[in-house]
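# Residue-level structural notes
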Amino acid sequence: TLMAEATWVLSFELQQVGFSEEGDLQFNFLSRPGLTYKIQYKDSLTAASWTDFNNAGTLVATNTLSQFKDDFTGSTSGGSSATGTRFYRFSYTSP
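Residues numbered from 1 in each chain as written. Predicted model: local features only at pLDDT ≥ 70, side-chain atom pairs only at ≥ 80, totals over all residues. Heavy atoms only, no water.

If you walk across this open sheet you meet the three strands as 1-2-6, and the pairing is antiparallel. Two strands in the sheet have a free side with no partner beyond their single neighbour: strand 1 (12-19) and strand 6 (65-70). For this sheet, the mean angle separating the axes of adjacent strands, direction not counted, is 20°. Of the strand pairs in this sheet, strand 1 and strand 2 (residues 25-31) are connected by seven bridges, and their pairing is antiparallel. Note on strand 2: the bridge partner recorded for Val-17 is Phe-27. (Pairing = 2+ DSSP bridges. Helix = DSSP H or I, 4+ residues; strand = E, 2+ residues; numbered from the N terminus. Axes fitted to C-alpha atoms, helices over the stretch in contact; angles between N-to-C directions.)

Here you go:
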């Protein structure tokens, strides 16, 4: 008889948000290896649509703890918010 023990791994749970010493906004979250995570932003909740990060907005988790950074450059969100406020949205998909 074959027996196996299953361990449930959360798909997403935000653990910490804060600024790094370099001034990047850093998101640390629990993730499930193999899932693809995407981060989007908007500078106003009344804005019509969410904007994808330029280059660094998609991540395939390889561990149960993952991280996104917004360095407010062309590599991520393209710059500082014109309104002084920014909202972020995370989503994930299975392979």
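Further remarks concern the confidence of the model for the chain. Keep in mind that low pLDDT regions are not for reading the predicted coordinates in detail. Residue-level pLDDT values for the chain average 89, and 93% of them are 70 or greater. Of all the helices and strands in the chain, strand 4 (residues 51-52) carries the lowest mean pLDDT, 90, while strand 1 carries the highest, 96. (pLDDT = per-residue confidence, 0-100.)

Let us now look at the nonpolar core. Judged by nonpolar contacts, Leu-25, Phe-27, Phe-29, Leu-35, Tyr-37, Ile-39, Tyr-41, Phe-53, Ala-61, Phe-68 and Tyr-88 together constitute the single largest core of 11 residues. Broken down by secondary-structure element, the contributors of at least two residues to this core are strand 2 and strand 3 (36-42). Residues within four places of Phe-53 in sequence aside, it is in contact with Ile-39, Tyr-41, Lys-69, Asp-70, Thr-76, Ser-77 and Tyr-88. (Core = buried A, V, L, I, M, F, W, Y, C linked by side-chain atoms within 4.5 Å. Buried < 20%, exposed > 50% of the residue type's maximum accessible area, 1.4 Å probe, protein only. Contact = heavy atoms within 4.5 Å.)

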